[in-house]
Amino acid sequence: MNMASVGILFLFFIIIRAQSEGKAFVEVQCKTGNVGQYGQQSMLDCVVTTAEEVKEPKILVVAWKKKGSEDDSDKTLLVFHKGNTTGQPAYRFAESSWNDRNMNISLLITNTTMVNSGDYTCSVMTDSGDDITKTSLRVTAKYNKPTIRSIPENITGREDVTLSCSSVGGYPKGQLRWFDEHNQDWTASSKMEAELTNDGLFKLSSKLSLLKNSIFSKYTCIVFNSSGGKEDEVTLEIPDTATSKGQGEVKGLDQTSKIVAPLVVIGSLIVGLLLALLIYRRRSQRDHREVPTFESNAEQGAHVEMYKEREDGTALSLPLSGEAVPIDCR
């Protein structure tokens, strides 16, 4: 029996079932939501259950189909009929030793791709009844490790720089985020693009512009999946010679200021102390060389005299209204 004959058989079976009444003796139960990983095996879980009245049921027909687009009909993937199993490559029953007495009719996809994402139907006919149910598969793909490069390739710190990061092979659409050496998020300053490739996967690319005086020593690009989970990362280290002309110069100036400022304060204090000591010494010498003056009572006819010591040790008399008279004090 070919695929077309199976389709006619199931159409006839559905019409009869719709007209029948009474208790259902057979039911197909499938997991409503299944998630598959790109490039891995995926399974659509389905089992046949029967009423207590049914003893040792036997499966006559199983048909797995995938819902097509609006313009296409459902695609038959796997069929069991009269003891024979036929189907498309990469589709088979989950249990390799499956037979008509096995109620586990789960479908195994051996190599999952994006075309496997969608809605499926599973139809079953037994010697005790029949049923049909729907299930679905959602395919995800993990992004590859990002790659990062700089423009220009040789970073000197004397010009602006653009960092470019990219990651491919993921699904659904994810995000690339940028962090510096202090774990500060620079994603808001970047521009990201997402491109859907021929295999149905996304290619993410992001560019981050750096000013020549604002370059850190390390930048990390991290790829996140659509759920916000981190998948992989890559780090670019900037040469010290480049950062020293940007952030390095500022840090160097800060360190120099921290050293020079205390030295300036200490030097000022020392100069101030030296000046105070010099002034004190000069005043002390002047007070030591001057001899206190005395004056006699003017009413008694006395006169006022002042004495000053000569360099040779003699005293010089300085009357207020007279001429200097030498006095020998030795």
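This text follows the structure it describes.
Bear in mind that the values here come from a model prediction, so they are computed numbers and not experimental data.

The rules behind each value
- Residues numbered from 1 in each chain as written.
- Predicted model: local features only at pLDDT ≥ 70, side-chain atom pairs only at ≥ 80, totals over all residues.
- Heavy atoms only, no water.
- Pairing = 2+ DSSP bridges.
- Helix = DSSP H or I, 4+ residues; strand = E, 2+ residues; numbered from the N terminus.
- Core = buried A, V, L, I, M, F, W, Y, C linked by side-chain atoms within 4.5 Å.
- Buried < 20%, exposed > 50% of the residue type's maximum accessible area, 1.4 Å probe, protein only.
- Contact = heavy atoms within 4.5 Å.
- Patch = residues over 30% accessible without salt bridge, like charges linked within 9 Å, V, L, I, M, F, W, Y side chains within 5 Å.
- Areas by Shrake-Rupley, 256 points an atom, 1.4 Å probe, with all protein chains shown as cover.
- Salt bridge = Lys/Arg side-chain N within 4 Å of Asp/Glu carboxyl O.
- Polar contact = N/O pair within 3.5 Å; in protein donor to acceptor, adjacent residues only side chain to side chain.
- Phe/Tyr/Trp six-rings, centres within 6.5 Å; stacked < 30°, edge-to-face > 60°.

(A) Up close: the pairing of strand S15 (residues 190-196). Here seven bridges tie S15 to strand S16 (residues 202-210), and the two strands are oriented antiparallel to one another. Across the sheet, the residue bridging to Lys191 is Lys207, located in S16. What sits between the antiparallel neighbours S15 and S16 is a turn of five residues, in which Gly200 has the positive phi angle 85 degrees.

(B) Region of the structure containing the nonpolar core. Among the nonpolar cores identified, the biggest contains 27 residues, and Ile59, Val62, Trp64 and Ile105 are the most heavily contacted of them. Those residues in contact with Ile105 that lie beyond four places of it in its chain are Val28, Cys46, Val47, Val48, Ile59, Val62, Trp64, Phe93, Trp98, Cys122 and Val124. The next biggest cluster of nonpolar side chains, apart from the first, holds 20 residues, and it includes Ile148, Trp178, Leu208 and Tyr219.

(C) Region of interest: a nonpolar patch on the surface. A cluster of nonpolar side chains, Ile266, Ile270 and Leu274, forms an exposed patch at the surface whose accessible area comes to about 290 Å². Relative to the elements of secondary structure, Ile266 occurs in helix H3 (residues 247-289).

(D) Region of the structure containing the side chain of Thr156. Counting through the fold element by element, Thr156 comes out in the loop between strand S12 (147-151) and strand S13 (161-170). Judged by its relative accessible area of 19%, Thr156 is buried. There is a polar contact of 3.3 Å between the side chain of Thr156 and the backbone nitrogen of Arg158.

(E) Inspection of the packing of aromatic side chains at higher detail. Taken as a whole, this structure holds five aromatic pairs when the rule is applied. Pairing Phe80 with Trp98 gives two aromatic rings, centres 4.8 Å apart and planes at 80 degrees, and the pair type is edge-to-face. Residue Phe80 is located in strand S6 (residues 75-81), and its partner Trp98 is located in the loop between strand S8 (91-93) and strand S9 (107-109); the two are separated by 18 residues in the primary sequence. Relative to Phe202, the ring of Tyr171 lies with its centre 5.7 Å away and its plane at 20 degrees, an arrangement referred to as stacked. Here Tyr171, found in the loop between S13 and strand S14 (175-180), pairs with Phe202, found in strand S16; they are 31 residues apart in sequence, far enough to count as distant. A relative accessible area of 30% means that Tyr171 is categorised as partly exposed.

(F) Structural detail: unusual backbone geometry. With an omega of 5 degrees, the peptide bond running from Ile151 to Pro152 counts as cis. Within the element layout of this structure, Pro152 appears in the loop between S12 and S13. In this model, Tyr171 is joined to Pro172 through a cis peptide bond whose omega is -5 degrees. Within the secondary structure layout, Pro172 lies in the loop between S13 and S14. The residue Glu56 is not glycine, and still its phi comes out positive at about 50 degrees. Here Glu56 shows up in the loop between strand S4 (46-50) and strand S5 (59-66). For Lys82, which is not glycine, the phi torsion reads 55 degrees and is therefore positive. Tracing the backbone shows Lys82 in the loop between S6 and strand S7 (84-87). Note on Lys82: relative accessible area 68%, which makes it exposed.

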